[in-house]
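Spelled out, the chains give:
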Amino acid sequence: MGLFRGSSWVGSVTLLVLGSLALLRPWERLPQAEPPRAAWAQAIRAVDGDTIEVRLDGRREDVRYIGLDTPETVKPGTPVQCFGPRAHRYNARLVTGRRVWLVFGVERRDVYGRLLAYVRVGGRFVNAELVRRGLARTLTIPPNDRFAARFRRLERGAALAGRGLWGAC
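Note that this is a predicted model, so its numbers are computed, not measured. (Residues numbered from 1 in each chain as written. Predicted model: local features only at pLDDT ≥ 70, side-chain atom pairs only at ≥ 80, totals over all residues. Heavy atoms only, no water.)

A.B. asks: Just to check I follow, could you spell out the pattern of salt bridges for this structure?
C.D. replies: Pairs can form between side chains of opposite charge whenever their charged atoms are close. Using the criterion set out here, one finds nine salt bridges in the structure. Here Asp-50 makes a salt bridge to Arg-64, at a shortest N to O gap of 3.5 Å. Of this pair, Asp-50 sits in the loop between strand 1 (38–46) and strand 2 (51–56) while Arg-64 sits in strand 3 (residues 59–65); the two residues are 14 residues apart in sequence, bridging distant segments of the chain. Assessed through its relative accessible area of 3%, Asp-50 is described here as buried. Of the charged contacts, one joins Glu-129 and Arg-133 as a salt bridge, the two residues approaching to 2.8 Å between their closest N and O atoms. A relative accessible area of 33% means that Arg-133 is categorised as partly exposed. Via salt bridges that share partners, Arg-45, Glu-53 and Arg-60 belong to a single interconnected network. (Salt bridge = Lys/Arg side-chain N within 4 Å of Asp/Glu carboxyl O. Helix = DSSP H or I, 4+ residues; strand = E, 2+ residues; numbered from the N terminus. Buried < 20%, exposed > 50% of the residue type's maximum accessible area, 1.4 Å probe, protein only.)

A.B. asks: Explanation requested: the pairing of strand 1 in the structure shown.
C.D. replies: Side-chain direction in a regular strand flips from residue to residue, so the side chains alternate between the two faces of the sheet. Summarising the sheet, strand 1 and strand 5 (residues 99–109) pair through five bridges and their orientation is antiparallel. In the sheet register, Gln-42 faces strand 5, and the bridge partner there is Arg-99. Both strand 1 and strand 2 contribute to a ladder of four bridges, which runs antiparallel. Paired with Ala-43 across the strands is Val-54, a residue of strand 2. What sits between strand 1 and strand 2 in their antiparallel hairpin is a turn of four residues. (Pairing = 2+ DSSP bridges.)

A.B. asks: Would you mind going over helix 5 (residues 148–161) with me for this structure?
C.D. replies: Counting along an α-helix, one turn takes 3.6 residues, and residues three or four places apart therefore face a common direction. Over its 14 residues, helix 5 extends 20 Å from the first C-alpha to the last, a length consistent with the 20 Å expected when each residue adds 1.5 Å. Among all positions of helix 5, only Ala-148, Phe-151, Glu-155 and Ala-158 are buried. Buried positions in helix 5, seen along its axis, are confined to an arc of 85 degrees and lie on one side of it. Summarising the geometry of helix 5, the exposed residues directed more than 90 degrees from the buried face are Leu-160 and Ala-161. Gly-162, located one to two residues past helix 5, shows a positive phi value of around 70 degrees. (Expected span 1.5 Å × (residues − 1). Arc of directions from axis to C-beta.)

A.B. asks: How should unusual backbone geometry be read in this particular structure?
C.D. replies: Negative phi is the rule for most residues except glycine; trans is the rule for most peptide bonds. For the bond running from Pro-142 to Pro-143, omega is 10 degrees, close enough to zero to count as cis. Position of Pro-143 relative to the elements: it lies in the loop between strand 8 (137–138) and helix 5. Of note, Asp-57 is a non-glycine position whose phi angle comes to about 50 degrees, a positive value. Structurally, Asp-57 is set in the loop between strand 2 and strand 3. For Asp-57, a relative accessible area of 66% translates into the label exposed.

Structure (structure tokens):
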């Protein structure tokens, strides 16, 4: 005899399985479409040298550039660092008000909730351009390391030429 009077053991097992599924969170019940790997966005402003604010799918989002770190200009409790204002100004001139192509990292967001992306505007690869001009140092955080070797080469070239922060700081 099953769990309920007059039911078979198959019916009982079916009820248990269905009951268990009902306890799962909605995202565990339904297959999820993979989020897009890339998207167009409108750059609203440069927050600093390595972060921008964009309008993406009708929402404002902060986007942190993958693979680099610029000197600080707005971090609470941290003084403005050498070449930080120059990196911020260049980033602002490059992207503010422009349509940007975001290619998201394997890890989509950082601990602050910012989107992590490689960014292109026009024909320029913004992340690489900042490193090449000596406005940023490389910062590799796996699994978002797709262009790490390229960024290291660009950083070496900037340092050897004394460009940007390499010649001033």
